[in-house]
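# Descriptive structure summary
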Amino acid sequence: MTDKPVVLMPEDIQRIMGKDAQRNNILAAKMVAEVVKTTLGPKGMDKMLVSPTNEIIVTNDGVTILDEMQIEHPAAKMMVEIAKTQESEVGDGTTTAVMIAGKLLENAEKLLDKKIHPTVITKGYRIAAEKTQEILQEISLKITPDNEEVLKQIAMTAMTGKGAEGSKEKFAEIILKAVKQIQTNGKVNLKDIKIEKSRGDGINDTELISGIVLDKEKVSVDMPIVVHDAKIALVDFALELKNPEIDTKISVSSPDQLQSFIYQEEKEIKDLVEKIKMSGANVVFCQKGIDDFAQYLLSKEEIYACRRVAKSDMEKISKATGGKIVSNLSELTPFELGDARIVDEVESGDDNLTYIRGCQNPKAVTILIHGGTEHVIDEVERALQDGLGDVICSLKSGLVVPGGGAIEIELSKRLREFGQTLSGREQLAVEEFASALEFIPITLAENAGMDPIDTLTELKSRHDSGERNAGLNLLDNKIENVLEAKIIEPYQIKSQAIHSASEVATMILRIDDVIASSGNNKGQMRGMPPMGGEF
Ligand code: ADP
Ligand code: MG
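Residues numbered from 1 in each chain as written. Chains lettered and ligands numbered in written order. Predicted model: local features only at pLDDT ≥ 70, side-chain atom pairs only at ≥ 80, totals over all residues. Heavy atoms only, no water.

## Points about the overall build of the chain
Looking only at helices and strands, the chain features 16 helices and 19 strands. Oriented by its inertia axes, the alpha-carbon framework of the chain measures out at about 95 × 75 × 40 Å. Burial analysis of the chain (535 residues in total) assigns 51% to the buried set. About 25,900 Å² of surface is accessible on the chain, with carbon and sulfur atoms providing 50% of the total. Each charge class in the chain was averaged separately, 64 positive and 87 negative side chains, and the resulting centres sit 4 Å apart. (Helix = DSSP H or I, 4+ residues; strand = E, 2+ residues; numbered from the N terminus. Buried < 20%, exposed > 50% of the residue type's maximum accessible area, 1.4 Å probe, protein only. Areas by Shrake-Rupley, 256 points an atom, 1.4 Å probe, with all protein chains shown as cover. Lys, Arg positive; Asp, Glu negative; His and termini not counted. Charge placed at Lys NZ, Arg CZ, Asp CG, Glu CD.)

## Some details on the site of ligand 1
Not every one of the 23 residues close to ligand 1 is listed here, only the nearest: Asp92, Thr95, Thr96, Gly404 and Glu489. Contact between ligand 1 and glycine 93: an oxygen atom at 3.1 Å from a main-chain N or O atom of the residue. At 2.8 Å, a side-chain N or O of glutamate 489 approaches an oxygen atom of ligand 1. When isolated, ligand 1 has an accessible area of 580 Å², and the protein chains bury 97% of it. According to the grid-proximity analysis, the pocket containing ligand 1 is the largest pocket. (Near = heavy atom within 4 Å. Polar contact = N/O pair within 3.5 Å; in protein donor to acceptor, adjacent residues only side chain to side chain. 1 Å grid on protein atoms, 1.4 Å probe; cavity = no way out; pocket = protein on both sides within 12 Å on 5 of 7 lines; lining within 4 Å. Sits in = over half its atoms within 2 Å of the grid points.)

## Notes on the pattern of salt bridges
Any two side chains of opposite charge can pair, on the condition that their charged atoms come close. For the coordinates displayed, the defined rule picks out 36 salt bridges. Here lysine 152 ties to glutamate 173 by a salt bridge, and the two come within 3.1 Å at their closest N and O atoms. Separated by 21 residues along the polypeptide, lysine 152 in helix H6 (residues 148-159) and glutamate 173 in helix H7 (residues 168-182) bring together distant segments of the chain. Across the salt bridge formed by glutamate 438 and arginine 416, the nearest N and O atoms sit 2.7 Å from each other. (Salt bridge = Lys/Arg side-chain N within 4 Å of Asp/Glu carboxyl O.)

## Some points on the layout of surface pockets
Of the voids in this model, the largest pocket is the one considered here, and its volume is about 590 Å³. Taken together, 37 residues make up the lining of the largest pocket; nearest its centre are Gly41, Pro42, Thr157, Ala158 and Glu489. Elements supplying a minimum of two residues to the lining of the largest pocket: helix H4 (94-113), H6, helix H11 (374-397), helix H14 (439-447), strand S16 (470-473) and helix H16 (491-509). Ranked by residue count, the leading element in the lining of the largest pocket is H6, at four residues. When grouped by side-chain class, the residues that make up the lining of the largest pocket number 12 nonpolar, 15 polar and 10 charged. The wall of the second largest pocket is formed by 16 residues, among which Glu87, Gly91, Leu190, Gln385 and Gly389 lie closest to the centre. Within the residue set of the lining of the second largest pocket, elements represented by two or more residues are helix H3 (74-89), strand S5 (193-199) and H11. Among the elements that make up the lining of the second largest pocket, the one with the highest residue count is H11 (seven residues). Partitioned by chemical class, the residues of the lining of the second largest pocket number seven nonpolar, four polar and five charged. (Points joined across faces, edges and corners; volume = space filled by probe spheres on them. Nonpolar A, V, L, I, M, F, W, Y, C, P; charged D, E, K, R; others polar.)

## Some points on unusual backbone geometry
A negative phi angle is the norm for most residues apart from glycine, just as the trans form is the norm for most peptide bonds. Positive phi, close to 60°, is recorded for glutamate 302, a residue that is not glycine. Looking at the element boundaries, glutamate 302 is found in the loop between helix H9 (292-300) and strand S10 (304-306). Given the relative accessible area of 57%, glutamate 302 is considered exposed.

## Details of the pairing of S5
Along S5, five of the seven residues are buried, which leaves the element largely enclosed by surrounding structure. Pairing of S5 with strand S14 (residues 365-371) involves seven bridges; the strand directions are parallel. Bridged to glutamate 196 within S14 is leucine 368. (Pairing = 2+ DSSP bridges.)

## Points about H14
Counting buried residues along H14, seven of its nine residues qualify, which places the element largely inside the surrounding structure. Looking at the packing, one finds that the buried side of H14 touches helix H1 (18-37), H4, helix H12 (406-420), helix H13 (426-437), helix H15 (452-464) and S16. One or two positions beyond H14, positive phi appears at glycine 449, with a value near 80°. (Contact = heavy atoms within 4.5 Å.)

## Here we look at a negative patch on the surface
Residues Asp215, Glu217, Asp350 and Asp351 make up a contiguous surface patch of negative charge. Mapping glutamate 217 onto the fold places it in the loop between strand S7 (212-214) and strand S8 (226-235). The exposure class of glutamate 217 is partly exposed, given its relative accessible area of 40%. (Patch = residues over 30% accessible without salt bridge, like charges linked within 9 Å, V, L, I, M, F, W, Y side chains within 5 Å.)

## Remarks on the packing of H7 against H11
At a minimum axis distance of 10 Å, the contact between H7 and H11 shows a crossing angle of 50°. In terms of orientation, H7 lies oblique with respect to H11. In the crossing of H7 with H11, the sense of the turn from one axis to the other is right-handed. On H11, the residues touching Phe171, Ile175, Leu176 and Val179 of H7 are Val380, Leu384, Gly387, Leu388, Val391, Ile392 and Leu395. Grouping the constituent residues of the contact of H7 with H11 by class yields 10 nonpolar, one polar and no charged. (Axes fitted to C-alpha atoms, helices over the stretch in contact; angles between N-to-C directions. Parallel < 35°, antiparallel > 145°, perpendicular 65-115°, else oblique. Left-handed = near helix turned anticlockwise from the far one by under 90°.)

## What to know about empty space enclosed by the protein
The final tally for this structure, using the stated rule, is two cavities of 30 Å³ or more. In terms of lining, the largest cavity is formed by Ile139, Leu141, Pro402, Ile407, Glu410, Arg468 and Asn469. Classifying every residue of the lining of the largest cavity gives four nonpolar, one polar and two charged. Taken together, Lys30, Ala33, Glu34, Met99, Gly102, Lys103, Glu106 and Phe439 make up the lining of the second largest cavity. Counting residues per element, the lining of the second largest cavity draws most heavily on H4, which supplies four residues. A per-class count over the lining of the second largest cavity returns three nonpolar, one polar and four charged.

## Some words on a nonpolar patch on the surface
Together, Ile250, Val252, Leu258, Phe261 and Ile262 make up a nonpolar patch on the protein surface, roughly 400 Å² of accessible area in all. By secondary structure assignment, the location of isoleucine 262 is in helix H8 (residues 255-278). For isoleucine 262, a relative accessible area of 34% corresponds to the partly exposed category.

## Some points on the packing of aromatic side chains
The relation between two aromatic rings is expressed through the spacing of the ring centres and the mutual angle of the planes. Enumeration over the complete set of coordinates arrives at two aromatic pairs. Arranged with centres 5.6 Å apart and planes meeting at 80°, the rings of tyrosine 125 and phenylalanine 433 form a pair that is edge-to-face. On the criterion of sequence distance, the pair formed by tyrosine 125 in helix H5 (residues 118-139) and phenylalanine 433 in helix H13 is long-range, its members being 308 residues apart. You'll find tyrosine 125 and phenylalanine 433 in the same group, each marked buried. Measuring from ring centre to ring centre gives 6.3 Å for phenylalanine 293 and tyrosine 296, while their planes differ by 25°; the resulting arrangement is stacked. Within this pair, phenylalanine 293 and its partner tyrosine 296 are both found in helix H9, separated by three residues, close to a single helical turn. Take phenylalanine 293: its relative accessible area is 22%, and that puts it in the partly exposed class. Against the face of phenylalanine 439 rests lysine 103, its NZ or CZ located 4.4 Å from the ring centre. (Phe/Tyr/Trp six-rings, centres within 6.5 Å; stacked < 30°, edge-to-face > 60°. Lys NZ or Arg CZ within 6 Å of the ring centre and 35° of its normal.)

In structure tokens form, the structure reads like this:
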């Protein structure tokens, strides 16, 4: 035996163990939920975020807020991940997901205080989460793509209280039209709806373009501003002289030789443009560059051209106009060209945009948001994306649920009934899970200035007496049948939110040891207090 201490890890490793680790993680998660809480629902407030470079974002969108906050605490980061997953999986419900997770952890803490072991809590939560999904599926309502009225209401519910609020009816119609236009064999791909922004005019001028709007000007002022009956060539190679990769020396011994060299180079470009013209194209979108000489030739032929068009935009133009992207000009025949009634350049703020519009049966379309300032436009975009995401995921699953907290109260009620059938300590965890779901209607009421306790009591008693669609209508602060008040949400938002919230809550609960290497950041572990300290 020796008296020397055993050193397991280097000195700059920070370690928090047992109860401290648990409490610290729970506290961080709760704080994240607390941050977004005031933005929930139609009466939620906005946040103003200022980046290190002084860019300002004003938003109500959960994932945007958390993403911009540069959160460092490891458990808090896991909470932010839920919002991101929610955003990418369903496109809405980010605040809801984060809040449920925060509340699940807060309630778990109560059980920890009662000396209930974390593994018992996590087991109870897992049972509860499974049962909740089962009940949710059972009580969701079916819709078909023909239920346009319902789909419109879903889009409007998603946009209530956001930047798009004032024109939500118009936006809902735009969303529905866009989705109907691009769907093929009942499938809808969000990527086929382009959202483009135009400064100037009001948000009520936002429009659906049956085609694509590009954030690009034509390459030369000498090109036509408008092309009617556009025949569009889509090319993914450069219309310019070949640039040798390395410096090349050419020795010429006479002026004639030089002349013929230049002539040869120019001829290649001339041939390219000639081929484009021969195909019948009067518009060219090029994924690469177009040099001065090519611009000159194209202008002379009255061909409208844009260069350096993003690949994703090229694909959208192809879907909208029916044109094929060609990699070799010999492939370019009239059959590869796309069609649009008009291609033109339109002023927008300080820049110009290129509109490709009037496409016959386009399989990609553009929602062009108009607005006075960038902040307004950006927030409208986020709201529109929520609306789009909700309509698309309602179509996907064909299931919807009553909003305004009605579904959460009903789930919580049925989950409690189920809990009664369990024995053992898991029952307590199921009970806490049920009460975490009530956090949504409670917060909706609180944010709208209603008394949260009175509201919850009334909601519960109405559900107990069989009114399963009783929820909050915050347009006039009433408790009523929310389906009749047309407050409807997709099933998938709730299902995904509950799923990821319970997953992350159980994951955080199982951690009882945080070992963090501080890396270059000597001393304090990023975002964590010193061992055993308060948060
Ligand atoms: P999230 O990021 O979770 O989508 P939101 O701020 O979009 O958060 O709020 C969504 C919540 O607002 C949902 O629970 C929804 O049912 C509720 N909600 C939307 N419109 C209304 C309304 N008119 N009355 C009451 N609740 C509403
Ligand atoms: Mg939402």
